[in-house]
Amino acid sequence: MSRLTDIPNTLILNGYDAFQHFIGTVHAAEKDSCTNSRMIIEMEGVLTEQMIEDRLADLEQLAWINSYKLKTGGLLHKKRVEIGESPQKINVISGRVSEQEYHLLHFEKIPILSDTWIEIDLIYLSGERTALILSNNHIILDVTGMKYIAELLCGLINPDNIDSWSVNRKGGKRISPLNAFGYLFGLITQKVIDLRSGRGVQYVSGYYRKIQFSEEETTAIETQALQSGAKFGVILYYLACTVKAVASVKKSKKGIFWVPVTVDTRPKGKRGPVLQNQISMMFFKVRADKVKLIEQLVAEFSAQMINQIKLKIVQSYSSLINSIKSLPGWLYGAMVKLPSKGVFSSFAFSDLGEFSMESFLGKKVITVYNLPVNPNPPGFNIVYMKFRGTLSVVVGCHDTVFTDEKFAEFESHLKETLVHGGE
Amino acid sequence: MDEQIICAELRKFLKSSILAEGVEIEKDTLFKDVGIDSYSVIETVLFIERKFGVALPDEALTPENLKSIESLANCTMKCAND
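Nothing here was measured: the structure is a model prediction, and the numbers come from that model.

## Let's talk about the nonpolar core
All names here are of chain A.
Next, step 1: Formed by 81 residues in total, the largest nonpolar core has its most connected members in Tyr237, Phe380, Val393, Phe410 and Leu418.
Next, step 2: Considering each element in turn, this core owes the most residues, 12 residues, to helix α7 (residues 235-249).
Next, step 3: Once residues within four sequence positions are removed from consideration, Val393 is found in contact with Arg209, Lys210, Ile211, Phe213, Ile382, Val383, Tyr384, Leu414 and Leu418.
Next, step 4: In terms of nonpolar packing, the next biggest core, distinct from the first, is built from 38 residues, Met43, Ile120, Met146 and Met357 among them.

Have a look at this one:
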């Protein structure tokens, strides 16, 4: 297994120090959990550990960029996680998934990848199927980087054609760390709703749920998005529908929904770096009493998106992340705890766009989806992705955020709103 | 203002600030075909505002106008002349 210390010290690793510090000190010390995001690739046939090992041995990028760990059948590191009557619930017993359908994955204190950057789990399903689960720490590897890792593994990307690390974004005005900190502290003084039922809950259990749309439904959703006035693609329509669905089941005490949205700032048109120092976000907020028509929400979010790009907030956030590396440990530790007080966001949102993968190391791919990172807070994260023309929405949710009934209500609202535009 | 000049400036901006090194873009290349996403489209619209002093109004920001250099330049010209 490669280790973090194997990374050549001649490289310029702006931001890397922060990541290493984050993992090596703060998270490992506090045994914080739930900070991994995952990609699940379900395929026909049996993929053996040896096949993955052989592939990894060929990939220099993975050998030095990423410390990885390969395991078979040990997704949750627990002998038994949850027994449920619903066909969507799973049992993980001795590392084996006993139900074919595992769209609802329960977790309990998902271990932090304290000594690895990437973890590869192989779960054998009935009917000669394999689920390969890539896990990574979301602070280190964004969702696009994760996608690249999957594509590297299955040979869709020539390793020579992908950058391993990117330090500077092209163009982009440099933002001073001072301004970036100012922006952060501006954010955390905002009053937003807290979706959790109780404050100070550090380690909780929760679940993921996949909402799958058919091809016809996906087409209907994209038609609705166009009619909603979403000018810059479907993402703001997805966001508006999600906010509306959340608002329909979760009342706001403070009156504001605050949603961070991941932004991929890699140069466009080619495979970008697997790792980058531009993991960034945009932040959208809306007053609960303004959550009425989808068209209004889309217009509001469009204006906020333009405004944030105009104000270079995306770069500010990246600069903030980079500048963290020069902080003393105690201050960094204090900072990473600030968002954990639940003042930052109502829920987190990502749209991964379209993804295509026909086979994985010769095995026909049945489906691919991402499990969102599920930090606490907000404990309620949502990721959208299209695979072979069909949209999937995966929700990661702490048990303290929604009861089963409330979640079913939310799911129903979200489906209805996406397909019919909230009418 | 000339549409050809706008096209040339937009191409220059996209190549220097948005696209990866070596990625070619012509005036009729669809933005989505070279991976230009919503975030980059907005950056391009803001570039037009800075460079040419033309703020594209809300009603001009349609998927049809935002699909390529050519359509964006054409839209910019129309807005400048209105």
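## Looking at the interface of chain A and chain B
Next, step 1: With 21 residues of chain A at the interface, the matching set in chain B holds 25 residues.
Next, step 2: Of the roughly 1900 Å² buried at the junction of chain A and chain B (both faces included), carbon and sulfur atoms supply 62%.
Next, step 3: The interface formed by chain A and chain B contains 3 salt bridges.
Next, step 4: Lys310(A) serves as the salt-bridge partner of Glu49(B), at 3.7 Å between the closest nitrogen and oxygen.
Next, step 5: Broken down by element, the residue count for the side of chain A that touches chain B peaks at 4 residues, all from helix α8 (residues 294-310) of chain A.
Next, step 6: Looking at side-chain class alone, the side of chain A that touches chain B contains 10 nonpolar, 4 polar and 7 charged residues.

## A word on the confidence of the model for chain B
Next, step 1: Averaged over all residues, the pLDDT of chain B equals 91, while 100% of them reach at least 70.
Next, step 2: Both scores are available for the predicted complex, with the pTM at 0.77 and the ipTM at 0.88.

## A closer look at the side chain of Lys231(A)
Next, step 1: Secondary-structure assignment places Lys231(A) in the loop between α6 (215-227) and α7.
Next, step 2: Lys231(A) gets classed as buried once you look at its relative accessible area, which sits at 18%.

## Remarks on the packing of α7(A) against helix α11 (residues 404-420) of chain A
Residue and element names in this part refer to chain A.
Next, step 1: Relative to each other, α7 and α11 sit at 145 degrees, their axes nearing to 8 Å. Seen from above, α7 lies across α11 with right-handed handedness. Of the residues in α11, those in contact with Tyr237, Tyr238, Cys241, Thr242, Lys244, Ala245, Val246, Ser248 and Val249 of α7 are Lys406, Glu409, Phe410, His413, Leu414, Thr417 and Leu418.
Next, step 2: Looking at the contact of α7 with α11, its residues break down into 9 nonpolar, 4 polar and 3 charged.

Rules behind the numbers
Residues numbered from 1 in each chain as written. Chains lettered and ligands numbered in written order. Predicted model: local features only at pLDDT ≥ 70, side-chain atom pairs only at ≥ 80, totals over all residues. Heavy atoms only, no water. Core = buried A, V, L, I, M, F, W, Y, C linked by side-chain atoms within 4.5 Å. Buried < 20%, exposed > 50% of the residue type's maximum accessible area, 1.4 Å probe, protein only. Helix = DSSP H or I, 4+ residues; strand = E, 2+ residues; numbered from the N terminus. Contact = heavy atoms within 4.5 Å. Buried area = accessible area lost by both parts, 1.4 Å probe. Salt bridge = Lys/Arg side-chain N within 4 Å of Asp/Glu carboxyl O. Nonpolar A, V, L, I, M, F, W, Y, C, P; charged D, E, K, R; others polar. pLDDT = per-residue confidence, 0-100. Axes fitted to C-alpha atoms, helices over the stretch in contact; angles between N-to-C directions. Left-handed = near helix turned anticlockwise from the far one by under 90°.

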